[in-house]
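# Summary of the model geometry
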Amino acid sequence: MKIRLGLLYGGKSAEHKVSMQTALAVIKALDASKFDIHPIYINEEGQWIKGPQLEGPVDSVKQLEFGANEGAIEATGFNSIVAQDSSEGFDVVFPLLHGPNGEDGTVQGLLELLNIPYVGNGVLASSAGMDKVIMKNIFAQAGLTQVGYSSYLRSEYTGNEEAVCDEVEKEIGYPCFVKPANLGSSVGISKADNREELLAAFAEAFQFDRKVIIEEGVKAREVELGVIGNDHPEVSVAGEIIPKKDFYDYKAKYEDGDTALVIPAELTEEEYANLKEMAVKAYKALDCSGLVRADFFLTGDGKAYINEVNTMPGFTPFSMFPLLWKHTGVDYPELIEKLIQLALDRHAEKQ
Ligand code: ATP
Ligand code: MG
Ligand code: MG
Ligand code: MG
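Residues numbered from 1 in each chain as written. Chains lettered and ligands numbered in written order. Predicted model: local features only at pLDDT ≥ 70, side-chain atom pairs only at ≥ 80, totals over all residues. Heavy atoms only, no water.

Confidence along the protein averages 88 in pLDDT terms, with 88% of residues attaining 70 or more. Across residues 56-76 the pLDDT falls below 50, and counting only partners more than four positions away or on other chains, this stretch makes 45 contacts in the model. Among the prediction metrics, the complex's ipTM stands at 0.97, with pTM recorded as 0.90. (pLDDT = per-residue confidence, 0-100. Contact = heavy atoms within 4.5 Å.)

In C-alpha cells, the structure reads:
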C-alpha cells in the first residue's frame, strides 16, 4: 500500500519562495509508486490551500511554482484541511517550511496534537533552533565554542539607540553581524563596520523580528555538515561555501547561484573529526531528530566555532544539505525516504 504523504509548503515566513522551490524538487523526486502525495500550500497570508490543481503531483507540478491559482483551489483554515485529511489518514506529513510558523515548532505542535508523524525535528528542537539567542545559550551550556554575542529587544533599543551602540562597541566591537533572532536564509542580516552601519543594521533586523542578535564578525572559512538520525545521528562529509561576496547573503544563496560549494571540503582528518564531534554535540544539546545542517566557522589558526544548526535546511537538490548526503553516498530520493522513515520510527517510539 502507498504511503499517504501530506506535503506542506509555502508558509507565512520571509522564506516562502525558498520553500516553493523545495516542494517542487521533493515532489519530482518522490517515487509515485510508493507515495500518494497530498500537497498543501500555505500562502503568505497563512491560509492553507489544497485542491485538484495541487494534486496529481507529477503532472501538475507546474502549478506549485505559482502556488495558489484562482478557481479550482479551496482556501480553508488548516483545521479543516489537516483534520479532514487526517481522519482519512495521512501516514506522515513533510513540513517543507522554513522560518517562523513552519520551522519553529508551531506546525510541529499542531501535528503532535493531531498525532500524525512528521518529518524533521520535534517541537522543542525546532523552536530552540529557530531562535539564535536561545540556541547559542544552549550551545554555550554544552561547552561548544562560539563567537561572542549579545541581544536586544526592539523595546530596549528604541529610544536608546546610541547607548545600545556604545554597549555593542564595548562588548562585541567591529566588524559585527546583526541578525533577526528568528529567521534564516540570511534575510535581514547585515555586517557593520562602524556606528552608522550598526544603526542601519539594527533598523533592518528589527523589521523582521522584535529580537535581534549581534555577533562578533570572524574572518573564517564557512564549513557545513549534514546530520540525520534520531537517537543515533549520522554525520555527512563536510562542505565549504566560498561566497563571491562579502558574506553569504540571501541573493548569493538563491538568486546569483554562483557561490561555489566545495564538497568534500579540504580539511585535515583532525579538523573534520572535531567538526563531526561538535555537530553531534549540538544535535544532542538541542535534542534534535530527523535532520539538521550544522554551520561552522573555521579560522586561520584552525579553531572551529559553531554558528548555528538549521532544523529544516535548504532542501532543493542543489542545496548544501542534499549535496552533502549525495557525496556521502545517499542520493536525493533515498534521503527523502530515509527522513520519512525516521519520522515513522520516532512516532512509533513515542507510543
Ligand atoms: P541559513 O539558515 O540560510 O544558513 P541564517 O539566516 O540563519 O542563514 P547565518 O548562517 O547565521 O544566517 O548567517 C548568514 C551568513 O552570514 C553566513 O553564512 C556568513 O557568510 C555570514 N555570517 C554570519 N554570522 C557571521 C559571523 N559572526 N562572522 C562572520 N560571518 C558571519
Ligand atoms: Mg540559519
Ligand atoms: Mg534556516
Ligand atoms: Mg547559516
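Moving on, we come to the coordination of the magnesium ion (ligand 4). Distances from the magnesium ion (ligand 4) to its protein donors, Asp295 (OD) and Glu308 (OE), fall within 2.0 to 2.4 Å. Taken as a pair, the magnesium ion (ligand 4) and the magnesium ion (ligand 2) show a spacing of 3.9 Å, with Glu308 coordinating each metal. In this pair, Asp295 sits in strand β13 (residues 290-299) while Glu308 sits in strand β14 (residues 304-310), placing the two residues 13 residues apart along the sequence. When sorted by exposure, Asp295 lands in the same class as Glu308, which is buried. (Donors = N, O, S within 2.8 Å, 3.2 Å for Na, K, Ca; no water. Helix = DSSP H or I, 4+ residues; strand = E, 2+ residues; numbered from the N terminus. Buried < 20%, exposed > 50% of the residue type's maximum accessible area, 1.4 Å probe, protein only.)

Taken together, 21 residues surround ligand 1, and among them Lys132, Lys179, Ser186, Glu222 and Asn310 come closest. Glu308 is positioned with one of its side-chain polar atoms (N or O) 2.9 Å from an oxygen atom of ligand 1. Protein burial of ligand 1: of its 620 Å² of free accessible surface, 95% is covered by the chains. Considered class by class, the residues forming the shell around ligand 1 number 6 nonpolar, 6 polar and 9 charged. (Near = heavy atom within 4 Å. Polar contact = N/O pair within 3.5 Å; in protein donor to acceptor, adjacent residues only side chain to side chain. Areas by Shrake-Rupley, 256 points an atom, 1.4 Å probe, with all protein chains shown as cover. Nonpolar A, V, L, I, M, F, W, Y, C, P; charged D, E, K, R; others polar.)

This paragraph deals with the sheet that holds strand β7 (residues 176-180). Pairing in this open sheet of 4 strands is antiparallel, and the strands run β6-β9-β7-β8 from one edge to the other. Pairing within the sheet leaves two strands with one partner each, and these edge strands are β6 (149-153) and β8 (190-192). Mean inter-strand twist for the sheet, computed between neighbouring axes without regard to direction, equals 25°. Here β7 runs beside β8; their pairing, made up of 3 bridges, is antiparallel. Note that in β8 the partner of Val178 across the bridge is Ser190. Against the sheet, helix α9 (residues 195-206) touches β6, β7, β8 and β9 (211-216), its axis set at about 20° to β7. (Pairing = 2+ DSSP bridges. Axes fitted to C-alpha atoms, helices over the stretch in contact; angles between N-to-C directions.)

For helix α1 (residues 16-29), with 14 residues, the first-to-last C-alpha span of 20 Å sits near the 20 Å given by 1.5 Å per residue. With 11 of its 14 residues buried, α1 lies for the most part within the structure. Residues of α1 that are buried: His16, Val18, Ser19, Met20, Thr22, Ala23, Leu24, Ala25, Val26, Ile27 and Ala29. (Expected span 1.5 Å × (residues − 1).)

Attention now moves to the pattern of salt bridges. For the coordinates displayed, the defined rule picks out 13 salt bridges. Asp166 is the partner of Arg195 in a salt bridge, and the nearest nitrogen-oxygen pair spans 2.5 Å. Placement of the pair is Arg195 in helix α9 and Asp166 in helix α8 (residues 161-171), with a sequence separation of 29 residues. Given the relative accessible area of 22%, Arg195 is considered partly exposed. When the shortest N-O distance is used, the salt bridge between Arg293 and Asp295 registers 2.8 Å. Each member of the pair Arg293 and Asp295 is classed as buried. (Salt bridge = Lys/Arg side-chain N within 4 Å of Asp/Glu carboxyl O.)

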